[in-house]
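If you want the building blocks of each chain, they are given just below.
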Amino acid sequence: MKSKLLCAGMMLIAVLNVKAQATFQGKVTDPKSNPVYNVNLHLLNTLYTTSTNRQGEFTIPNIPAGKYQVEVSGIGYATLVRPIDVKGGGDQVSIQLQTALVQLETVTITADKKEAVIQSAPLSVTAVTAQQVKDYRLWNAKDLAGIVPNLYSGNSGDERNVTSIRGITTTSYDPAVATYVDGVNQFNLDTYIPQLSDIERVEVLRGPQSTLYGRNATGGVINIITKKPTNQTNGFVELSLGNYNQQRYSAGIRVPVIKDKLFFGASGLFNTRDGYYTNEFTSKSFDDQRQASGNFYLKFLPAKQWAITLNQKFQNNVNDGAFPLVNGVEEAFANPYKLSQDAVGRMKDNTSNTSLSINHSGPMIEFTSQSSWQRNYRYYASPLDGDFSPADAVSVINNFGKDWNIVKVFTQEFRVGSPTVSVSKLNWTAGLYLFHQNSPVKQATHFGKDAGLLGIPQSYFSTINTSIAKNTGVAFFAQATYALTEKLKLTGGLRYDYENKKLSVMGEYQPDGQDAIVTRPDTSASNNFNALSPKLGLQYESDANTNFYATYSRGFRTGGLTQLSSDPSQPPLYPYDPEYSNNVEIGIKKIFMDAKLQIHAAAFLTHLTNAQVPTLVLPDAITITKNTGKLTSKGFELEVLATPIPGLQLGYSFGYADANYASLKISSNSQQLDLEGKKQIYTPDVTSMLNAQYSYVLNPAQQLKLVARGEWFYFGRRYFDAANTIRQAPYNLLNTRVGVSLKQYDLYFWLRNITGSKYMEYAYDFGAVHLGTPRTVGVTLAATF
């Protein structure tokens, strides 16, 4: 019955989408009117793509007549997006491209889950293009810090990035900033793949985005898009070598198996390096890392305007020294990148994401189905040092076999929307989202011979905490934009989320060599949460180069149940509520000087209620979350791109965020602390970045050029604990890159953190500190075909 209903629905959509056919054809030339070969043309929000022949000519036949936007891109040229009116007569269209050295490119984004030009999007969003990913040498999503105004990201050495946008920060395994990769929500920090390879574009949406993106988008959304296969055969090979025995190899290929019908794409990455830290206990490097990841596509066009895409991603990490932490800020800076731990803590972290998408693009309605299956298995092949010292006091063990510490997530989104070819003033999107998560966790805290140093009267025993979490949710959402006039648009949206969480816990005590004794019988609890996420916005485009907007939006981070720990003052199964953020912002986007200068500016005010404040319980290394505060964050942001003279590209971003707790009361050492007025954690008050790149052309025909680039980053004061006692002072980072580039080859030498600045990338509230990446130097050789 279900299959019959699905077939009937697809037939109904096909019937609705019958419209007069036309041909889109024309020619692409360069500034000297010479034809340009191998230029890609794509009609936004459709499945229609093509490329030019050696005469610069292109044809897309049998498409519905109407108005479209076409994206035109070619190697060495500034990407262009322009409106077109495709009529039944098949009129010729002439398109002229400018070189990327004299004009800013037009960037397409999918912030509202539809393709649109960033200049016309009525929200604060930063887009990092494929070329910029190379220019910045972005290898990990945390490298976006500073490039995006008011964004900071870092981790404690375990590659679980904690990200903050505008003072709304991740404080648990439920992130405050949602991450999507190729349309799939990376459900939490367990199923998240931070490595960047074969990237088409990275979009960062600042401010609450829960209306379209749902749970855990209180601070914003990071939207990562990888490159897809088309009718063109293309690929790449890249090799990077550097100090600390850095080796990074990546390659990819995209081919049409059957032209216009079946396409295949694959890319792979292998990355390895020695540790930045030295373990003085063993006289060896501590945080050695090896990572392997892959991304595979199979795309099938079964019928006109239909596409089915199967995608498989995986990432396998081995980290010999997963938590390179030092007790105390003074010790961390007095002896940088040195520690002494008696346990290596070899972590194996394997993640796989599989997705199936079905897309239909027609003149009457658009339809998308996105299904995903995510799995993460993370365990310590050798125990983790729980006291971060040479003493055999505490170690953490979670290697209990493949029945435990495996997170499995299923998500499904159905979405329908107004067609690309439409004369209506109303543009809308609506959908349904479902998910289910299963997370069985078993972890032991072992107390060794030196446990007495921590005030533990007994040695040689373990406490074992077992929990099984099952979360199920459903959401309904809709958003629409209505053109009040040709220049004035009104946007409204609403989302309803419902979630059920179940958690069962059990505690055990096990002396070494003996059977475990149950100290807390298997106990379970459940809780239900719901949230409404409205959005309202007004946009005024006075001309094609000027966009004013004002927006109100609301986001939420899901609630939950507290885990079992050894601290009797922190009872398990205690429910905490969702965290809500309400945001108001105004902004302007302006293009000057024939697309040689672009300025985006915004001001915002965010109120956070039911703030989820974590307490890390030691030595269990378990986070207990409670709703204990209200926070206000206000500030402004500025982004500037410019090409003032041929060959010179400038970029600047600035963010200011004043994030303070209007109320905050927490328990510490059996005392109640009032921390009203304290600053938010993981939040620099200022982020600033300036980059300059100059390309000197040696041979225009071969696009041979010398390239020199410099980058300056500034991060203001930030704190790592709620009491604001662990403080990182402002610091600067300098990067440079020089090399030679041809049409299909690049050779670059790079140097990052030139001055060797030492700063805290991450710190726990009990004082364990992890320093940021030291000075690194290397070379990258890349080829495309």
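This structure is a prediction, so every number in the text was calculated from the model and none was measured. (Residues numbered from 1 in each chain as written. Predicted model: local features only at pLDDT ≥ 70, side-chain atom pairs only at ≥ 80, totals over all residues. Heavy atoms only, no water.)

## Notes on the sheet that holds strand β15 (residues 184-185)
Here we have five strands laid out as an open sheet, ordered β10-β16-β17-β14-β15, and mixed in their pairing. Strands with a single pairing partner mark the edges of an open sheet, and in this sheet they are β10 (125-129) and β15. Of the strand pairs in this sheet, strand β14 (residues 177-181) and β15 are connected by two bridges, and their pairing is antiparallel. Following the sheet pairing, Val181 is matched in β15 by Val184. (Pairing = 2+ DSSP bridges. Helix = DSSP H or I, 4+ residues; strand = E, 2+ residues; numbered from the N terminus.)

## Let's talk about the sheet that holds strand β5 (residues 66-73)
With antiparallel pairing, four strands are arranged side by side in an open sheet as β3-β2-β5-β6. Edge positions in the sheet fall to β3 (49-51) and β6 (80-86), since each of these pairs with one other strand and no more. Neighbour-to-neighbour, the strand axes of the sheet open up by a mean angle of 25°, direction not taken into account. Relative to β6, β5 runs antiparallel, the two sharing seven bridges. Note that in β6 the partner of Glu71 across the bridge is Val81. (Axes fitted to C-alpha atoms, helices over the stretch in contact; angles between N-to-C directions.)

## Details of the packing of aromatic side chains
Enumeration over the complete set of coordinates arrives at 23 aromatic pairs. Look at Tyr152 and Phe715: their rings are 6.3 Å apart centre to centre, the planes differ by 80°, and that puts the pair in the edge-to-face class. Here Phe715 lies in strand β45 (residues 704-715) and Tyr152 lies in strand β11 (residues 151-154), a separation of 563 residues in the sequence. The same class applies to Tyr152 as to Phe715, namely buried. Members of the aromatic cluster, each reached through a chain of ring pairs, are Phe388, Tyr682, Phe720, Tyr762, Tyr764 and Phe766. (Phe/Tyr/Trp six-rings, centres within 6.5 Å; stacked < 30°, edge-to-face > 60°. Buried < 20%, exposed > 50% of the residue type's maximum accessible area, 1.4 Å probe, protein only.)

## Things to note about empty space enclosed by the protein
Gaps between atoms show up when a probe of the same size as a water molecule is rolled over them. Enumeration over the complete set of coordinates arrives at 17 cavities of 30 Å³ or more. Roughly 820 Å³ of volume is contained in the largest cavity. Arg137, Lys142, Asp143, Arg752 and Thr773 are, among the 43 residues lining the largest cavity, the residues nearest its centre. Put simply, the parts of the chain that give the lining of the largest cavity at least two residues each are β11, β19 (246-258), β20 (262-273), β23 (288-300), β45, β48 (731-741), β49 (745-752) and β51 (768-771). (1 Å grid on protein atoms, 1.4 Å probe; cavity = no way out; pocket = protein on both sides within 12 Å on 5 of 7 lines; lining within 4 Å. Points joined across faces, edges and corners; volume = space filled by probe spheres on them.)

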